[in-house]
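# Commentary on secondary and tertiary structure
Given next are the chains, with one letter for each unit.
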Amino acid sequence: EEEKEAIRKGKEFYMKCKEDEHFDKLKSPDERVKMKLVHVDRASHGTGVATTVVDASVEECAANEIVGLDSREKMRKAKVNGITECKAIKINSHSLYYITTRVLVPGFDPRDGRSKVTWFKQDDNKVIIAVDDTEDLKEEYPVKDGSVLGLAHTVWVFEPLGPVGDVPQTSVTLTTKVDLGGVFFSSIMN
């Protein structure tokens with residue numbers, strides 16, 4: 001029931017952001033990715049959406065994201081993305097805990113994250129991955145001294161499109177609402 005509720009909330013959040021017209025368009029570093037953001041200057045929180053089309057099946061896209069949470073390759077590349085510590089703990093065949101420490105901006109305190117990741121393939125072949133904050137691991141993995149606990153609700157939606165020739169196509173949308181704890185100028189949040 002808890003996992004069904006996580007997926008329900010994730011879909012609700014995704015739909016709300018998809019329909020909202022108060023987002024500002026962002027210039028994406030990749031012309032194939034459309035991005036938009038809502039952030040009030042000096043606020044610690046913001047909501048962002050990024051959408052693109054990938055030349056792969058829904059299953060390949062979702063598996064890449066899920067397996068990537070605990071892959072050796074991702075761990076090697078983590079430092080480039082500011083991640084100084086990362087741990088995935090399997091719960092069952094469709095959920096896991098994800099614990100991170102990352103430096104978002106040099107000179108700012110690191111941010112710790114404690115998330116529960118749940119994924120589900122719907123009857124219409126869409127795959128939803130809901131990433132929610134959790135307090136389940138606060139005893140085993142307390143916030144590190146000098147770090148700030150960041151909060152996030154992130155939803156991935158992988159939606160099948162018609163193939164181009166023999167190549168499957170998937171619309172991929174990442175929707176996230178973060179509270180980084182502290183004061184952030186819009187230029188930093190962007």
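Going by the structure above, here's the rest.
The paragraphs below set out a description of the structure included in this document.

Calculation rules
Residues numbered from 1 in each chain as written. Predicted model: local features only at pLDDT ≥ 70, side-chain atom pairs only at ≥ 80, totals over all residues. Heavy atoms only, no water. 1 Å grid on protein atoms, 1.4 Å probe; cavity = no way out; pocket = protein on both sides within 12 Å on 5 of 7 lines; lining within 4 Å. Points joined across faces, edges and corners; volume = space filled by probe spheres on them. Helix = DSSP H or I, 4+ residues; strand = E, 2+ residues; numbered from the N terminus. Nonpolar A, V, L, I, M, F, W, Y, C, P; charged D, E, K, R; others polar. Buried < 20%, exposed > 50% of the residue type's maximum accessible area, 1.4 Å probe, protein only. Patch = residues over 30% accessible without salt bridge, like charges linked within 9 Å, V, L, I, M, F, W, Y side chains within 5 Å. Areas by Shrake-Rupley, 256 points an atom, 1.4 Å probe, with all protein chains shown as cover. Salt bridge = Lys/Arg side-chain N within 4 Å of Asp/Glu carboxyl O. Pairing = 2+ DSSP bridges. Expected span 1.5 Å × (residues − 1). Arc of directions from axis to C-beta.

### Section: the layout of surface pockets
- Volume-wise, the largest pocket comes out at about 1500 Å³.
- In terms of lining residues, the largest pocket is bounded by 42 residues, among which Arg102, Leu104, Leu174, Thr176 and Val178 are the most central.
- Ranked by residue count, the leading element in the lining of the largest pocket is strand E6 (residues 111–121), at 6 residues.
- Taken together, the residues that form the lining of the largest pocket break down as 22 nonpolar, 11 polar and 9 charged.

### What about the environment of Glu31?
- Secondary-structure assignment places Glu31 in the loop between strand E1 (24–26) and strand E2 (34–39).
- Glu31 sits in the exposed class, given a relative accessible area of 82%.
- Between the alpha carbons of Glu31 and Pro168 there is a distance of 20 Å; along the sequence they are 137 residues apart.

### Observations regarding a nonpolar patch on the surface
- Judged by side-chain polarity, Val143, Leu149 and Leu151 come together as a nonpolar surface patch covering roughly 220 Å² of accessible area.
- Note on placement: Val143 falls in the loop between strand E7 (127–133) and strand E8 (148–149).
- You can call Val143 partly exposed: its relative accessible area is 36%.

### Topic: the pattern of salt bridges
- One pass over the structure, following the stated rule, counts 10 salt bridges.
- The shortest N-O distance in the salt bridge between Glu12 and Arg8 comes to 2.8 Å. In this pair, Glu12 and Arg8 both sit in helix H1 (residues 2–19), 4 residues apart, roughly one turn of the helix.
- For Lys126, the salt bridge goes to Glu159, with nearest N and O atoms at 3.9 Å.

### Some remarks on the pairing of strand E9 (residues 151–164)
- By the bridge criterion, 6 bridges tie E7 to E9 in an arrangement that is antiparallel. Among the inter-strand pairings, Val127 is bridged to a residue of E9, identified as Phe158.
- Summarising the sheet, E9 and strand E10 (residues 167–179) pair through 12 bridges and their orientation is antiparallel. Bridge assignment links Thr154 to a residue of E10, and that residue is Thr176.
- Once E9 ends, the chain turns through 2 residues before running back antiparallel as E10, passing Gly165 with a positive phi of about 65°.

### Describing H1
- Taking 1.5 Å as the rise per residue, H1 with 18 residues should run 26 Å; its terminal C-alpha atoms sit 26 Å apart, in good agreement.
- Those residues of H1 that sit buried are Ala6, Ile7, Gly10, Phe13, Tyr14 and Cys17. The buried residues of H1 occupy an angular sector of 125° when the element is viewed end-on, so they sit on one face. Residues of H1 that are exposed and point more than 90 degrees away from the buried face comprise Lys4, Glu12, Lys16 and Glu19.

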